[in-house]
Every structure is written in structure tokens, then in C-alpha cells.
Amino acid sequence: MLSRVNQKQRCRDQGLTPVNALAKSMSRLRYTDVPLAWTFVAVALAGAILSIAAGGSAAADNTVVKRFSNGTTHNSVGIVDAREDAPQDGPQAIYAADDGSLYLLDQVNGRILRFDARAPGAPVQSLELPEQMQPTDMVIRRGSVYVWDGAPQALLPTGRDDAPVRGLTQTRSSEAPDDFTLSTFAQMGSQALDSPAELLGEQTRAITASRKPARQFIASRGRGSIIADVTTGDKPNSAQVDVREQVSNTEIAKLRLRVRDRIGVVEFLEIDNSGRMFVLTENIPNSSKRAAAAFVVRFSPQGVQESVYDIPLQESVALSRRFIAISPDGDVYFLRSRKSEVDVVGVGSRTVRSTAVIDNPSLPRLADNEARIAGKGPLAAVRPLTRQQVVQTAFGFEGLQWRLTPANYGPDPDTTCTGFNRIRRPGYLSGKLNQEVRGVPYCWGCHGSLNQFRARIANGTLAGNVCTHNDPRIDVTGVDCSAFVSAAWGLANHFTTAAIPAITTELASPWDLQPGDALNKAGTHVMLFLRFTPDRKAEVMESSTGGCNGRVCRNVYPLASLLARGFKPVRFNALQDQTVVAAAASNDDKSAGKGVMHAPPPPPQTGEGKAGAEPRGRHHRKHTQEAGR
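Residues numbered from 1 in each chain as written. Predicted model: local features only at pLDDT ≥ 70, side-chain atom pairs only at ≥ 80, totals over all residues. Heavy atoms only, no water.

### Regarding the overall build of the chain
Check the secondary structure of the chain and you find 10 helices and 32 strands. Counting across all 629 residues of the chain, residues that qualify as buried make up 58%. On the chain, roughly 25400 Å² of surface is accessible, and the fraction owed to carbon and sulfur atoms is 51%. (Helix = DSSP H or I, 4+ residues; strand = E, 2+ residues; numbered from the N terminus. Buried < 20%, exposed > 50% of the residue type's maximum accessible area, 1.4 Å probe, protein only. Areas by Shrake-Rupley, 256 points an atom, 1.4 Å probe, with all protein chains shown as cover.)

Take a look at the structure:
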């Protein structure tokens, strides 16, 4: 499988430094090989010296173990290209099963692909998802396929085990998913969310130091059911993970983590068949000008820090939900989605000292003159806003309950999109004719206030449009990502993601984000920030085709996965001093005033700002504080 990576890793596992490894190799050479040997010595010593000069072992190589092209065959996956204000839509999750096989969620094509990373040329098996189900996450547990479609759904494969195509049918069991399944989903943010009432009215959600542990449940391969209690340290760059068996309460290890700047999420992922422990963590600098990074840190069975896997997040890699998988044998895989292909990457590791501070391989400084819209254009006149009003308006879009009439639904089959037999209609509306639905639909190029959307729906306008390969349509209603944020900020104009830098200020530190701020990737996607969760993830509101199944919804993401992919923490200028602002956008930016709103959306009243606040339990990751347990 990962021959080069594993050879390097075996050397490290045996405690060999580059020079020691060289000496061991030299001892095997015959006398007649002396000239070759000295050439080998010179090259290897040069590499070792460079490695030592860099302050540690060189970064390990990553290996592409499986590549999927863009398409509908078994060796391809559905990829919908990014367009202005429309992020790329493609595979959302990867997971390693107990038998070592990998599962890839190809939700654009409505299926899950199963393959063997150790045999890239072996046939790929397709598991077809039930009709109308469009999940955004996936976990394989106890022979069942669990998918996240607003909540965990258990599926069982049908047909022969070796059939190239099998079905997936929803189980009728009334038994709720256990803590271990829920906790695994929550690792990457698929979790039940707090009620809007717990967010509205808060003036800040800054990270606060807490000595109370957050509890995680893990069904590990090497030690069975375990519990991990994560406690942040006295300093913001450290954390401790207390690991013990669930049944016997026997302590397994106390894992200590320190990063260079400030620690983000700490998620215990796995104990492999050799007893080694794997923890996902983040280094998020206090300055937005320095790069954030995500790592998987490997500990020995005795709890000694020994290796780090640098997750290759970058701006060209599309956002996905579950981008890390750990095999039973301890291989680390990364889901890398790009414009025309998707790679499953075997991540190499670098050795670290047991007490080392985990740092990025490099922390490049970003240019101070990053893309900004120059010049003056249409005014973004707004009334003075409070953060509570912004969040209330956002919840109005997310929680709106409305009836999907035949005129709103449109004809079946709906085949107005091109490519992958995609349809215009957002996925969450499919099969819901004449039913009550929740949330304003995603509509590429559409705009408007919440009241305008209601009026258009009442007048029989088509609802939503996920097509991005065609020109924006004028016969549909809803909001795309920037139109939603523009409405939440009370803007009289629709400012696209490319124009948002002109009306915002980039925050000096991502930790300064407060409710009503945003995470913006110019030209691609924008999310409204709501809060930091207790385990230091970013909770956002967004209008999205992939992450929200075609509507406005709330999501939770590891912060580094957003920052490393190019999202910038920004603050709308009107929120800085609560005054009316005149913000500029380029006149030649065709999107900068597109879709002028007739009036800023008023602050939501009872029934609008808290519409659809249906009861929701806390996320079951048990990141609620476990004091006294």
C-alpha cells in the first residue's frame, strides 16, 4: 500500500535516526560496492544535515492511493464545479471500516463507494443510497452504514456481498444510535445543535479557559469501548486527554498536547490494532496573517507522543465534512477534493520528541495587500445593527416553515440542469410536494429579504435553484450564500463574496470572531459566524448546496479546516461602531449591486426572528461540561 511511507515509518518505529539508518544500510554492502556506498553516504548525509538544520525530521511523503475522476462510473465521483458564490460540491466523507476497506460518500451521484486502498486496481463496489436521501456525513459501525441526513440514519446493504452494485435500505429499528455512533459523527461537526434561544441575545462567544472536561466516546479497534475526557490546559496552547476503558474504568493513558500558538479542536480518533492512539488537533495562531494547520498526533500504547501527520489542507482543496480516516492498522487517509478529481491520500508522518510542541512545518505570512475591491461603487446603506438583530434575521431564514405548493415545486422530472443528471430543485425539497418544509432554499444568483421570499412563494414562484453551470434564473426564489449574509447584515444591495472585502475588515485574529461576523472566501463561499462551540469548533449559518442539502442551515466545522482552505474572518463595518456605513464596491464588478433589495429587512418580530425554533437537544458529543464526574 504505502510502501515508501511505511518503509520510512518502520525506520522511525525502530528508533533509527537518519544517520543510524545509514550506518545499518552500509553494513549490508559488499566490499565491491564501496564507490556506490560513498555516493550513497554523501547523498544521505546531506539529507540528514538538512533535516537536522531544519530542527527535526523532514516532512514525510504523502501518497495518492486512489484517484477518482469526475463522472458516474465506479472509478469516478460526482463533482460540481465551483462558480461565483457557489462552492464546489463533491464527496463529503471518507471512513475506514473494521476490515480495512475505505468508504467514500459520493452524494452527488447518490451512492457510497467501497474500495481497498491496499489494492488500488481492485474493483470498486457501489452502494446505492435510498431515493430522496442526501447525507453529508457517514460512519461505518457494527456492519451498518450510518449516514447523517439532519440526524443519524442507519442503513443496511442488500444483495450479494461481492456484487459490484448493492443497495442500501433504511432499517426500521426504533433503537436510537448509541453514544459511540453519535460521538463519532460529532468529531467533524455532525451533531445536534443547541436551540436558537441559547444563542440569541449573547454579545460574545469568545473562547474562555475552562478546566472542566469534555467527554468523547470511541469504539476503538485496539481497546474496545473507551472514554476520552479532554481538558484544556492553563495556557491556551495545551490540552490533556484522559483515556480509560468504559466497562472497567481502567486508565489507559494520559495524553498531553501542546501546539505552537493556540489549540483548536482536540478529537480522540482511534486506537489501532497495535494499541497506538490517534488524536486530531489544530494549531490556530492568534494572528490571521499566519497559517492555521490541522494534525493527527500519534501516541504509543504507553501514551508517549511519537509522530505527527500533517493534514494537507490548502485553498485549492474543496471543503468536505469528514476528511480524515484512520485504518485498523494505523494508516492515516485524507480526502482531497479538487476541481476535476478526488484523491484519497495516504498521509506520511514526521517524528517528534515526546515533549515536543507541535508546530506547522512552516507558517508562511500572508501578504498584507490581499484581494480587496478597490474604488467606490454603490452604497451599502444600512440602519444601525446589533449583533442580536443579525443573528435573529439569520435564524429567520433557517427556521422559516412554509408549504411547498405544486407551483413552487415545479414539474417532474425536473431536468433543467446540465451534467450528472442533476436537477434544479434543491435536495431537501425533493419528494416534499404539498408538505411543510423548513428553511429558505439555496438559489444561485437569487437575492432578497425574508419578506420578499415569502411574497414570491405565495405568488407561486419556483423554489430554489442549485444549477451553477447555467446563467442565474429569474423565475425562481431563494438566496445564495452571499445573498443570505447580505440580508442578515441588512444590506440594501446584494454583495457577492468577491465584493464582501470592500465592506468588511479582516480580523487580526480568528479568535476575535463574534456572532454576526463572517468567514469569507472571496469568489467562492461565505458563512455567517454564530459562536465557538465548547470544544472550540466554529458554528456557522450558511446557504449551501452540499453542506446544507440546498438550503439555509446551521453547521459546525473545525476552525482550521476553514482557515487553511482560504476562509478569512471578517467583520461587517457597520457592526464595529453600530453606525450607518457607506461601503464601496467596484463599479466594474458585475455582481456588486446585483439584485438590489427594495428595502433592508426589518429586525425580525415575534414569529419571524424565532421562526421554526423547534426543540433541539444539545449535541451528543457530550462536550457539555462534565464537572464532578
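The discussion continues.
### As for the nonpolar core
The tendency in soluble globular proteins is for nonpolar side chains to be buried as a group. Membership of the largest hydrophobic core comes to 41 residues, with the highest contact counts inside it found for Trp 402, Phe 484, Trp 489 and Leu 528. Elements with a contribution of two residues or more to this core: helix H5 (387-399), helix H7 (450-458), helix H8 (481-488), strand E29 (525-532), strand E32 (568-572) and helix H10 (574-577). At 6 residues, H8 tops the list of elements feeding residues into this core. Ignoring anything within four residues of it in the chain, the contact list for Phe 484 reads Ala 394, Phe 397, Val 479, Leu 528, Met 541, Glu 542, Ser 543 and Val 552. Grouped together as the second largest cluster of nonpolar side chains are 36 residues, Leu 269, Leu 280, Val 317 and Val 540 included. (Core = buried A, V, L, I, M, F, W, Y, C linked by side-chain atoms within 4.5 Å. Contact = heavy atoms within 4.5 Å.)

### Quick notes on unusual backbone geometry
In the Ramachandran plot, Asn 249 falls in the positive-phi region, its phi being about 65° despite a non-glycine side chain. If you trace the backbone, Asn 249 turns up in the loop between strand E13 (238-245) and strand E14 (251-258). Of note in the backbone geometry, Asn 434 takes a positive phi value of approximately 65° without being a glycine. Along the polypeptide, Asn 434 turns up in the loop between helix H6 (406-409) and strand E24 (436-438).

### Some remarks on the packing of aromatic side chains
If you walk through the whole model with that rule in mind, you get 10 aromatic pairs. Note on Trp 148 and Phe 185: the rings are 5.4 Å apart at their centroids and 55° apart in plane angle, and the pair reads as tilted. Of this pair, Trp 148 sits in strand E8 (residues 144-148) while Phe 185 sits in helix H4 (residues 179-186), and the two are 37 residues apart along the sequence. Judged by relative accessible area, Trp 148 falls into the buried class, the value being 10%. Ring geometry for Trp 402 and Phe 453: centres 5.5 Å apart, planes at 85°, overall edge-to-face. One end of the pair, Trp 402, is in strand E23 (residues 401-403); the other, Phe 453, is in helix H7, with 51 residues separating them in the sequence. We note that Trp 402, like Phe 453, is buried. Ring pairing ties together the aromatic residues Trp 511, Phe 529 and Phe 532, which thus form one cluster. The positively charged end of Lys 66 is found above the aromatic ring belonging to Phe 68, 5.7 Å away from the centroid. (Phe/Tyr/Trp six-rings, centres within 6.5 Å; stacked < 30°, edge-to-face > 60°. Lys NZ or Arg CZ within 6 Å of the ring centre and 35° of its normal.)

### Comments concerning the state of the cysteines
Inspection of the entire model under this criterion finds 2 disulfides. Each sulfur of the disulfide joining Cys 443 and Cys 446 lies 2.0 Å from the other. For the pair shown, Cys 443 and Cys 446 are each scored as buried. (Disulfide = S-S within 2.5 Å.)

### Digging into the confidence of the model for the chain
Put simply, the chain has an average pLDDT of 78, and 74% of its residues get 70 or more. Confidence over residues 1-59 falls short of pLDDT 50; this stretch has 49 contacts with residues more than four positions distant or in other chains. Low confidence marks residues 365-382, where pLDDT is under 50. Its contacts with residues over four positions away, or in another chain, come to 53 contacts. (pLDDT = per-residue confidence, 0-100.)

### Some thoughts on the sheet that holds strand E21 (residues 341-346)
The strand order E2-E1-E21-E20-E19 describes an open sheet built from 5 strands, whose pairing is mixed. A strand with exactly one partner marks an edge of an open sheet, and here the two such strands are strand E2 (76-77) and strand E19 (324-326). Bridge count for E19 against strand E20 (residues 332-337) is 3 bridges, and the pairing is antiparallel. Within E20, the residue paired with Ile 326 across the bridge is Val 332. (Pairing = 2+ DSSP bridges.)

### Concerning the pairing of strand E3 (residues 93-96)
Of the two faces of E3, the one lined by Ala 93 and Tyr 95 and the one lined by Ile 94 and Ala 96 are each fully buried. Of the strand pairs in this sheet, E3 and strand E4 (residues 102-106) are connected by 4 bridges, and their pairing is antiparallel. Pairing of Tyr 95 across the sheet is with Tyr 103, part of E4. Between the antiparallel neighbours E3 and E4 lie 5 residues, among them Gly 100 with a positive phi of about 90°.

### Focus on H8
Burial analysis of H8 places 8 of its 8 residues in the buried class, the great majority of the element. Of the positions making up H8, those classed as buried are Cys 481, Ser 482, Ala 483, Phe 484, Val 485, Ser 486, Ala 487 and Ala 488. Next to the buried residues of H8 lie H5, E29, strand E30 (538-544) and strand E31 (551-557). Directly beyond the C-terminal end of H8, a positive phi value near 75° is found at Gly 490.

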